[in-house]
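# Structural characterization, general
Listed below, chain by chain, are the residues.
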Amino acid sequence: MPIVIATIKTKPGRRDEVLAAFEKHTPAIHAEDGCELYAVHAGTDRVTVVEKWADQATLDAHGSGAPLAAIAAAVADALAEPLDIAVMEPFPAGDEAKGLI
């Protein structure tokens, strides 16, 4: 089950615009096959999305899907730097209930 951490650093004053795009399109992502978690978090100058997908095939489908393309188009001009996207596999450590997404 792939875990994705995507960080979007926003231009000054553009964070709310990015959040609006996620607010509009996240319900469609939640409805995608294999989406187990798609959680948007906001800081003062960035938006971070934590994702969990059932398998690589569903992550790949998400990556080429219309909802993600719509978000990318909506936020392209608001980016202060290129997206930072990391795809990882869980590494269970400690308490299983607290150590895994």
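As a reminder, the structure under discussion sits directly above these lines.
Now for a description of the structure that goes with this document. Everything quoted here is computed from the prediction, not taken from an experiment. (Residues numbered from 1 in each chain as written. Predicted model: local features only at pLDDT ≥ 70, side-chain atom pairs only at ≥ 80, totals over all residues. Heavy atoms only, no water.)

## Examining the environment of L68
Mapped onto the secondary structure, L68 falls in helix α3 (residues 66-75). Looking at L68, the relative accessible area reads 25%, which means it is partly exposed. Along the primary structure L68 and T26 are separated by 42 residues, whereas in three dimensions their C-alpha atoms are 8.7 Å apart. With residues up to four places along the chain from it excluded, the contact list for L68 reads Y38, H62 and G63. (Helix = DSSP H or I, 4+ residues; strand = E, 2+ residues; numbered from the N terminus. Buried < 20%, exposed > 50% of the residue type's maximum accessible area, 1.4 Å probe, protein only. Contact = heavy atoms within 4.5 Å.)

## Let's talk about the environment of K52
Within the fold, K52 resides in strand β3 (residues 46-53). Given the relative accessible area of 14%, K52 is considered buried. Between the C-alpha atoms of K52 and I85, which are 33 residues apart in sequence, the distance is 13 Å. Not counting residues within four places of it along the chain, the set of residues in contact with K52 comprises M1, P2, I3, G34, C35, E36, L37 and I101.

## So, helix α1 (residues 15-30)
An α-helical segment advances 3.6 residues per turn. Residues three or four places apart therefore align on the same side. The end-to-end C-alpha distance of α1 is 22 Å, a good match for the 22 Å that 16 residues give at a rise of 1.5 Å each. Residues of α1 that are buried include every one of V18, A21, F22, H25, T26 and I29, and no others. Of the surrounding elements, those touching the buried residues of α1 are β1 (3-9), β2 (35-42), β3, α2 (56-63) and α3. (Expected span 1.5 Å × (residues − 1).)

## Thoughts on the nonpolar core
Grouped together as the largest cluster of nonpolar side chains are 16 residues, with contacts concentrated most on V18, F22, I29, Y38, W53 and I71. Among the secondary structure elements, those contributing two or more residues to this core are β1, α1, β2, β3 and α3. No other element matches α1, which puts 4 residues into this core. Excluding residues within four positions of it along the chain, V18 makes contact with I8, T10, V47, V75 and A78. (Core = buried A, V, L, I, M, F, W, Y, C linked by side-chain atoms within 4.5 Å.)

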